[in-house]
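Descriptive structure summary
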Amino acid sequence: MIELQGLTKTYAGKHVVDDVSLTLETGEFGVLIGPSGCGKSTTLKMINRLIPLSGGRIILNGDDVNTLPTEQLRRRIGYAIQSTGLFPHWSVAQNIATVPQLLKWPKSRIDDRVDELMAMFHLDPSEFRHKYPHQLSGGQAQRVGVARALAADPEVLLMDEPFGAVDPITREVLQAEMKRVHQQTGKTIVFVTHDMDEALQLATRIALLNGGRLVQYDRPIEMMVTPADDFVREFIGQADLGLKLLSRRWVHQYQRPPSLAHHATLPGLDHCWQLDDAGRPVALEGARLDDGGVTPVKSEWTATPDMSLKEALSRMVWYRVMVLPVIDEAGKLIGEIGMQGVMGIQAEQRVHAS
Ligand SMILES: Nc1ncnc2c1ncn2[C@@H]1O[C@H](COP(=O)(O)OP(=O)(O)OP(=O)(O)O)[C@@H](O)[C@H]1O
C-alpha cells in the first residue's frame, strides 16, 4: 500500500503539486493523469525521491519513504521511464540485472531472474540476452526497461509515460502486456500518462490532477459515470463515453450460451452454430448483415472471454456479423456475444448515472 499525505512541491513560491493525498492499495494499478504541467511527473518522482518534497509524506507499506536507506529505496521501488534509460554499452541481460547486481545477488540467482523476466515479456533469451539497446526496436527496449524495473521484485513499480514514444500499434501491444504482467505479478503500480484511453485500459484507480491539485480520485467507471465537475467531464471527453465504456468491459461479462438450434420466435435474430466433432464452431447459420445463409467461421471474427467489448464490436462491424462465437483456448465454442450484449452496457450506464 502506498499513501500520499498532503504531498506538496513548491518552486519559487509556486505550488506545482498542491496538498495531494491519496491511498493506493496493494495490487492496484493507479494512474496519474491530467493536462501538461499539472504535476504528474513531479508527484511520481517525489515517490522515489528523485525530487525532494516541499511538504507532506509518502508512506510505503508503513514506512516513510523519506527515511528509507538508499539500498532499500532501490529494492522496494522500481522505476521505468519513456526513454527507457537503458545503458547503451550493456547487453539486455546486464541492463535487466542492474539492481540485483547493485544488491550483490549471487550470479545464479541473477541469471534465473533475468531469464524469468525475459520470458514474462516474451523476449527469447537465446535471441535477446546478448543484444545491445541499439539493436532493439522501440517496443523491445520498453519491455527491457520495464523488466529491469521489476528485477528486484519491488513493492511498487513507478512508470512515467513508458509508452509515450512508441507507435500506436506497439503501444496497444505493450498496454495489453502490461495488463497481463500486472495480473500475473499482482504488483502495485503508479503510472503517469496524459492519454485517457491508456488510463481507462490499465487503471484500477485514476487520479486526475489539474494545476497541481487532485481533482478526482476514483475507479475508472465511476469517473466516467459520475465526474466530479465540468473539468473532469471535459477531460474524459463525453463524446466518446460509450466507446470508452466498451473498452472497460469484457466479453465474459456479457456473453450468453451459444445458440445451437434455430428459434422461429426470433425473426431477424435467428441463428445457430454448426460445430465440428471437437466442439469448435465451423459455420454460422443466419445473423449476417448481408446474407442470411451459412457463413464459415473465421478466426478473425471469433471472441475470447477476456476480449474487450470494444474489440468484439469492432470485429462485428468489420466482418459484418451480428454475433461472434466465444471460444476457449482449445477453440471450443463456450458462448456467444451479440450486438444486443454489447448494447446492454448502455442500459447499465443509465442505471449508474441515475
Ligand atoms: N525544476 C523546476 N523548476 C521550476 N518549475 C518546475 C521544475 N520542474 C517542473 N516545474 C514545473 O512544475 C509543473 C509540473 O511539472 P510536471 O513535469 O510535474 O508536469 P506533468 O504533469 O508531468 O507535465 P507533462 O505531461 O507535460 O510531462 C510545470 O508547470 C513545470 O513547469
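Because the structure is a prediction, the values reported are computed rather than measured.

Looking at the domain arrangement of the chain
Annotation of the chain at the domain level lists domain 1 (2-247) and domain 2 (251-343). For domain 1 and domain 2, the distance between their C-alpha centres works out to 37 Å.

Comments concerning the pattern of salt bridges
Enumeration according to the criterion identifies 17 salt bridges in this entry. For R213, the salt bridge is made with D18, and the minimal N-O distance between the two is 3.0 Å. Taken together, the residues span a long stretch of sequence, with R213 in strand β10 (residues 213-218) and D18 in strand β2 (residues 14-24) at a distance of 195 residues. Its relative accessible area of 44% is what places R213 among the partly exposed residues. Residue class for D18 comes out buried when judged on its relative accessible area of 17%. As a salt-bridge pair, R143 and E177 come within 2.9 Å of each other at their nearest N and O atoms. In this pair, R143 is assigned in helix α7 (residues 138-150) and E177 in helix α8 (residues 168-185), connecting sequence segments 34 residues apart.

What to know about the site of the ligand
Near the ligand the following residues occur: Y11, V16, P35, S36, G37, C38, G39, K40, S41 and T42. G39 places a main-chain nitrogen or oxygen 3.0 Å from an oxygen atom of the ligand. Interatomic distance of 2.8 Å between a side-chain N/O atom of K40 and an oxygen atom of the ligand. Notes on the ligand: free accessible area 650 Å², of which the protein chains cover 57%. Broken down by element, the shell around the ligand gets its largest block of residues, three residues, from helix α1 (residues 40-47). Looking at the shell around the ligand residue by residue, the classes come out as four nonpolar, five polar and one charged.

Reading the values: rules and limits
Residues numbered from 1 in each chain as written. Predicted model: local features only at pLDDT ≥ 70, side-chain atom pairs only at ≥ 80, totals over all residues. Heavy atoms only, no water. Domains from an automatic or database assignment. Salt bridge = Lys/Arg side-chain N within 4 Å of Asp/Glu carboxyl O. Helix = DSSP H or I, 4+ residues; strand = E, 2+ residues; numbered from the N terminus. Buried < 20%, exposed > 50% of the residue type's maximum accessible area, 1.4 Å probe, protein only. Near = heavy atom within 4 Å. Polar contact = N/O pair within 3.5 Å; in protein donor to acceptor, adjacent residues only side chain to side chain. Areas by Shrake-Rupley, 256 points an atom, 1.4 Å probe, with all protein chains shown as cover. Nonpolar A, V, L, I, M, F, W, Y, C, P; charged D, E, K, R; others polar.

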